[in-house]
2 protein chains.
Amino acid sequence: MKAGKIYSHIQKKKSFLCIGLDTDPKRIPSHLFDTDDPVFEFNKRIVDATHDLAIAYKPNFAFYEAFGSDGIKSLERTADYIKTNYHEILLIADAKRGDIGNTSEYYARAVFQNMDFDAVTLSAYMGKDSIVPYLSYAGKWVILLALTSNEGSSDFQLANALEENKKLFEVIIEKSKNWGTADNTMFVVGATHPSLIADVRKIVPDHFLLVPGVGAQGGDLEMICRNGLNQKGGLIVNASRSIIYAGDSEGFEIEVRKQAASLQSQMAVILENHNLL
Amino acid sequence: MKAGKIYSHIQKKKSFLCIGLDTDPKRIPSHLFDTDDPVFEFNKRIVDATHDLAIAYKPNFAFYEAFGSDGIKSLERTADYIKTNYHEILLIADAKRGDIGNTSEYYARAVFQNMDFDAVTLSAYMGKDSIVPYLSYAGKWVILLALTSNEGSSDFQLANALEENKKLFEVIIEKSKNWGTADNTMFVVGATHPSLIADVRKIVPDHFLLVPGVGAQGGDLEMICRNGLNQKGGLIVNASRSIIYAGDSEGFEIEVRKQAASLQSQMAVILENHNLL
């Protein structure tokens, strides 16, 4: 899926919402435990209830790996369900991998070949040869960690003065933007740093940014958009917990849809105001 | 397993060898495909043939994830086999994870609780709160990526002048060494940078270092040891492909053992020369 295609989905749905499937069995409504695979059933209901409001879904691999091979089966079923039923969705593997080249080939196979994800989040710390194997898959995306949404982002990413007074996350974006193109590379920039998104835009005016941290982590959507939107959309904003755990009983999908619709309608107004529709 | 215990195993076996289980089905001897789970059977034979020569095994998760939930089952069986039969082995999950705190809790559960690994490799790029959840497991280890063995290590890890003319990998070690202790934290330092191991030792004189890159990647064991050994051993040196793919027919275990024994006997001499036995 090329960048232009993603933008056309943004325009069609008036949304740049990604929903994070950080599915914790402890927080799944109890009636789903009557089914064989409650994690999959939960995800299926979330997706069915929101697919017209979101352009992307992002399963967080940790939540599936925590349950071993059974958890991976739930993940495989979720990916397959989304790809089979909702072709226009950008399916993001939130795996944050990063390893030497020969190992990266196997991680790439896991997410792009076996499970047919469209994109994968990666750490660039190990450098170019750790990322290149993913870029050889036509139509797929790498999403490189630049500036994350958590407190620890100040430990290294915001460390001062790596080359000519730049911060580490800026150096990472500057160097890695040349490994691929704006049609196969995005960057993670946390919603909790809305003012720094403007600095990121100076380095990569055309790239899509994946912005987690809206919702439970408290990022400010208006400011993110003011600093991050470009002429082709250019933003995919993720919310996880605030949407998927909005309800906890039978019919929880209604509350889930309500939360997703609330974000989508804010996004529609913003897109309108930025003349992007 | 505390650092003193690891050192006692090093002394007993006269070895600080870790064998990387980067098991690729394409390189497994063909007769093993008569079994239900060739990947597990291969690993089992490797471990049975070398457990007295190695102090640690390090399955590389990418090679298992590339085969979906079936691959994870082979990994789970491998971990269980080693922990059940060889209690003194340090079992390292080479997963290179790194995510926000609430997500790290799930990755920690996957490797430490479900599969009972003793240690996990992690990227520190996302900072302290991405690592702390792993440190709450008593007796377990985090192994933080500092300076990796691949070409891409020069892209960011060796970037100049982050605070007072230090390199990024030095800043990462300096800061993160205080998150845990020398009894629960190690650092990855690639064998392809033997001279820089001396710089690492100045920052963390007491910590264990995990050194990949001997063997297929060409690191120099003598120089690594001259610069990296401390009074309690302090080194775990990994070889993967050069050992596990030493043979390719029935009886491949004999070649595998030969390669492991060659490294072990070099290590025995080095330990003797450094008065560490």
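The model shown is predicted, which means the values in this text are computed figures rather than measured ones.

Concerning the overall build of chain A
What chain A contains, in helices and strands, is 11 helices and 8 strands. The C-alpha atoms of chain A give a radius of gyration of 18 Å, which matches the 19 Å a tight globule of 277 residues would have. Structurally, chain A occupies a C-alpha span of about 60 × 45 × 35 Å along its principal axes. In chain A, which comprises 277 residues, the proportion classed as buried is 64%. Considering only contacts within chain A whose residues lie at least 6 apart along the sequence, 73% involve residues at least 24 apart.

Focus: the interface of chain B and chain A
In this assembly, 59 residues from chain B lie in contact with 59 residues from chain A. Between the two partners, chain B and chain A, sit 6 salt bridges. A salt bridge links Glu65(A) to Arg97(B), with the shortest nitrogen-to-oxygen separation between them at 2.8 Å. Here the element with the most residues in the side of chain B that touches chain A is helix 5 (residues 101-114) of chain B; it accounts for 7 residues. Across the side of chain B that touches chain A, the residue classes tally to 25 nonpolar, 17 polar and 17 charged.

Topic: the sheet that holds strand 4 (residues 119-122) of chain A
All names here are of chain A. Reading around the circumference, 1-2-3-4-5-6-7-8 is the order of the 8 strands in this closed barrel, with parallel pairing throughout. Pairs of neighbouring strands in the sheet enclose a mean axial angle of 30°, with direction left out of account. Across 3 bridges, the pairing between strand 7 (residues 209-211) and strand 8 (residues 235-239) is parallel. What sits directly across from Val211, in strand 8, is Val237. The strands touched by helix 2 (residues 38-50) within the sheet are strand 1 (17-21) and strand 2 (56-59), with strand 1 carrying the most contacts at an inclination of about 170°. Strand contacts of helix 8 (residues 194-203): strand 5 (141-147), strand 6 (185-189) and strand 7, with the helix running at about 165° to strand 7, the strand carrying the most contacts.

Comments concerning helix 9 (residues 221-228) of chain B
All names here are of chain B. Of all the residues in helix 9, the buried ones are Leu221, Ile224, Cys225 and Gly228. Buried residues of helix 9, seen end-on, are gathered within an arc of 95° and therefore sit on one face of the element. Lining the buried residues of helix 9 we find helix 8 (196-203), strand 7 (209-211), strand 8 (235-239) and helix 11 (252-273). Between a side-chain oxygen at the N-terminus of helix 9 and the backbone nitrogen of Glu222 the separation is 3.1 Å; the capping residue is Asp220.

Here we look at the sheet that holds strand 3 (residues 90-97) of chain B
Residues and elements named next belong to chain B. On the basis of which strands lie adjacent, the closed barrel formed by 8 strands has the order 1-2-3-4-5-6-7-8 and parallel pairing. When strand polarity is set aside, the average angle formed by the axes of neighbouring strands in this sheet is 30°. The strands touched by helix 9 are strand 7 and strand 8; relative to strand 8, the strand with the most contacts, the crossing angle is about 160°. Running over the sheet, helix 11 touches strand 1 (17-21) and strand 8 and is turned about 155° from strand 1.

So, the environment of Ala124(A)
Checked against the element boundaries, Ala124(A) lands in the loop between strand 4 and helix 6 (132-135). A C-alpha to C-alpha distance of 9.3 Å links Ala124(A) and Ile173(A), two positions 49 residues apart in sequence. Contact partners of Ala124(A), with chain neighbours within four places excluded, come to Ile131(A), Ile172(A), Trp179(A) and Phe156(B).

Focus on the pairing of strand 3 of chain B
Residue and element names in this part refer to chain B. Taken across its 8 residues, strand 3 has 8 buried, putting it largely inside the fold. Residues Leu90, Ile92, Asp94 and Lys96 line one face of strand 3 and the alternating positions Leu91, Ala93, Ala95 and Arg97 line the opposite face, and both faces are buried. Pairing analysis gives 2 bridges linking strand 2 (residues 56-59) to strand 3, with the strands arranged parallel. When the sheet's bridge partners are listed, Ala56 is paired in strand 3 with Leu90. One ladder, built from 3 bridges, connects strand 3 with strand 4 (residues 119-122); its direction is parallel. For Ala93, the partnering residue across the bridge sits in strand 4 and is Val120.

What counts, and at which threshold
- Residues numbered from 1 in each chain as written.
- Chains lettered and ligands numbered in written order.
- Predicted model: local features only at pLDDT ≥ 70, side-chain atom pairs only at ≥ 80, totals over all residues.
- Heavy atoms only, no water.
- Helix = DSSP H or I, 4+ residues; strand = E, 2+ residues; numbered from the N terminus.
- Rg over C-alpha atoms; globule rule 2.2 N^0.38 Å.
- Buried < 20%, exposed > 50% of the residue type's maximum accessible area, 1.4 Å probe, protein only.
- Contact = heavy atoms within 4.5 Å.
- Salt bridge = Lys/Arg side-chain N within 4 Å of Asp/Glu carboxyl O.
- Nonpolar A, V, L, I, M, F, W, Y, C, P; charged D, E, K, R; others polar.
- Pairing = 2+ DSSP bridges.
- Axes fitted to C-alpha atoms, helices over the stretch in contact; angles between N-to-C directions.
- Arc of directions from axis to C-beta.
- Polar contact = N/O pair within 3.5 Å; in protein donor to acceptor, adjacent residues only side chain to side chain.

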